[in-house]
Protein chains: 2
Amino acid sequence: MQVLVPYDVQEPKTRLSAVFDANQRQAFSRVMLDDVLRSLHKAGHDPIVLATAAIDCESSVIIDERPLTVAVNGEIDARDPPTGVVMADLGLVTAGALNRLFETPGDVVIAPGVGGGTNALVVRESAFQVDYHGLSFRDHCAAARQKGYEVSVVDSFRLAMDVDEPDNILEVLLHGEGCAREWLTNSGASVDQTGDEPTLSFSEELE
Amino acid sequence: MQVLVPYDVQEPKTRLSAVFDANQRQAFSRVMLDDVLRSLHKAGHDPIVLATAAIDCESSVIIDERPLTVAVNGEIDARDPPTGVVMADLGLVTAGALNRLFETPGDVVIAPGVGGGTNALVVRESAFQVDYHGLSFRDHCAAARQKGYEVSVVDSFRLAMDVDEPDNILEVLLHGEGCAREWLTNSGASVDQTGDEPTLSFSEELE
């Protein structure tokens, strides 16, 4: 399946600015993108990076400066279904989790994100249109059903956990199986278990 | 399978005190417990509430005042394997998610929780011992492997999302399929989408 992976080249992961500077956020978002692309390849699919600007990448890249929703709908319209759409910031992604998504029957298959978003989609009816925003999961389900499409929801922690907030980094350290976890460890991030609840900690030499 | 559901009768869900008073926390934790028990029944399993004090409940109840870890290990020891252990605060639980857990092969099958905990377990080797604490997922995997047991991890958002913090309530409102969602709605909780990100809101008459 052709799978779009939208990627913001310029200002990725602004909500991580409490823990990473702009260069680090760029590097970290890039290793997460590469993990997603590698997992898609491993799952036997064909990733296409839908980037806001040129990037150096082994996968196919389409440059589209328009907002996320418009750019994705343009690509869904332009292709024969099915088309996949997988977010670039899934730090826990594995080929196995993606395979469960792609193998799930349904006209529209959705993996929700923590906080109400849509982290991954399979669109088997090209008249379906995305509309990415905070509560897009609920609205994508309703929009698909309104068109009479069968909607399936994939129950995956690995696909639900997009990395937006510092708390999400803890999950990558605990469960990540790709380069994002390695990048975090090399950047001095670790899990601190001195209190009741595990928290994110950074080694001093990097602060 | 016999499935233990540990339940703290006296002081449940203290971290929800920012949004619910003690009576509400008790009521909410009880509807979540009932959702878990109902889903286990529906999945064809036999739930046993492992409660810190007497409760009125249609399922079997064992009263054990000892700390969680000691009480669960006592019950695992006392039974023929397999034994399941499912937390009582899984507000997104469904019979389908539980079936994926119980149908996964492995000597020890673990569904991690957000934040590093262990939300659900299948123990097929009764020499395995639990040790519940903040990072118990990682330690349970290591302890099982050290004994030479095959460990399987279940990738489920519904099982990963235990309801500890106000943010988790948003997920129950969005994805819950049981009485916990209904209880929240009746208590005036809703999802507010006026800002960039959805937030939890409560109707004024209840404040």
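All values derive from a computational prediction rather than experimental measurement.

Sheet strands associate in pairs through backbone hydrogen bonding, adopting either a parallel or an antiparallel arrangement. All names here are of chain B. Taking strand neighbours across the sheet as the criterion, the 7 strands line up as 3-2-1-4-6-5-7 in an open arrangement whose pairing is mixed. Since the sheet does not close on itself, it has two edges, and those belong to strand 3 (60-63) and strand 7 (151-153), each with one partner. Recorded for the sheet is a direction-independent mean angle of 20 degrees between the axes of neighbouring strands. Relative to the sheet, helix 2 (residues 68-78) contacts strand 1 (2-7), strand 2 (46-51), strand 3, strand 4 (83-86) and strand 6 (118-123), its axis offset from that of strand 1 by approximately 165 degrees. Against the sheet, helix 4 (residues 136-146) contacts strand 5 (108-112), strand 6 and strand 7, and its axis sits at roughly 165 degrees relative to strand 5.

With 28 residues of chain B at the interface, the matching set in chain A holds 28 residues. Between chain B and chain A, a total of about 2100 Å² is buried, with carbon and sulfur atoms accounting for 60% of that surface. Considering only the side of chain B, the residues that lose the most area to chain A are Leu135, Asp155 and Phe157 of chain B, jointly responsible for 26% of the buried surface there. In this assembly, chain B and chain A are joined by 4 salt bridges.

Next up on the list: the relation of the copies chain B and chain A. Its rotation angle being 180 degrees, the transformation that places chain B on chain A also includes 0.0 Å of axial translation and leaves an RMSD of 0.0 Å. When the rotation and shift are considered jointly, the pair of chain copies conforms to a two-fold rotation axis. A shared interface surface links the copies, since 100% of the contact residues of chain B are contact residues in chain A too.

What follows is about the state of the cysteines. In total, this model carries 0 disulfides over all chains according to the counting rule given. Take Cys57 of chain B: it sits in no disulfide, and the sulfur closest to it among the cysteines is that of Cys179 of chain B, at 13 Å.

On to the side chain of Lys13 of chain B, then. All names here are of chain B. Mapping Lys13 onto the fold places it in the loop between strand 1 and helix 1 (22-42). Under the relative-accessibility criterion, Lys13 is labelled buried at 15%. Here Lys13 is in contact with Arg25, Ser29, Met32, Asp89, Val163 and Asp164, once residues within four sequence places are set aside.

Turning our eyes to something else, we now look at the environment of Asp167 of chain A. If you trace the backbone, Asp167 of chain A turns up in helix 6 (residues 166-175). For Asp167 of chain A, a relative accessible area of 62% translates into the label exposed.

With that settled, consider the sheet that holds strand 3 (residues 60-63) of chain A. Residue and element names in this part refer to chain A. The strand order across the open sheet built from 7 strands is 3-2-1-4-6-5-7, with neighbouring strands paired in mixed fashion. Two strands bound the open sheet, and with one partner strand each, they are strand 3 and strand 7 (151-153). Here the average twist between neighbouring strands, direction ignored, is 20 degrees. Relative to strand 6 (residues 118-123), strand 5 (residues 108-112) runs antiparallel, the two sharing 5 bridges. Looking at strand 6, one finds that Val108 is bridged to Val123. Each of strand 1 (2-7), strand 2 (46-51) and strand 4 (83-86) is contacted by helix 1 (residues 22-42), which is oriented at about 175 degrees to strand 1, the strand it contacts most. Across the face of the sheet, helix 2 (residues 68-78) comes into contact with strand 1, strand 2, strand 3, strand 4 and strand 6 while running at roughly 165 degrees to strand 1.

The rules behind these values
Residues numbered from 1 in each chain as written. Chains lettered and ligands numbered in written order. Predicted model: local features only at pLDDT ≥ 70, side-chain atom pairs only at ≥ 80, totals over all residues. Heavy atoms only, no water. Pairing = 2+ DSSP bridges. Helix = DSSP H or I, 4+ residues; strand = E, 2+ residues; numbered from the N terminus. Axes fitted to C-alpha atoms, helices over the stretch in contact; angles between N-to-C directions. Contact = heavy atoms within 4.5 Å. Buried area = accessible area lost by both parts, 1.4 Å probe. Salt bridge = Lys/Arg side-chain N within 4 Å of Asp/Glu carboxyl O. Least-squares fit on C-alpha atoms with pLDDT ≥ 70 in both. Disulfide = S-S within 2.5 Å. Buried < 20%, exposed > 50% of the residue type's maximum accessible area, 1.4 Å probe, protein only.

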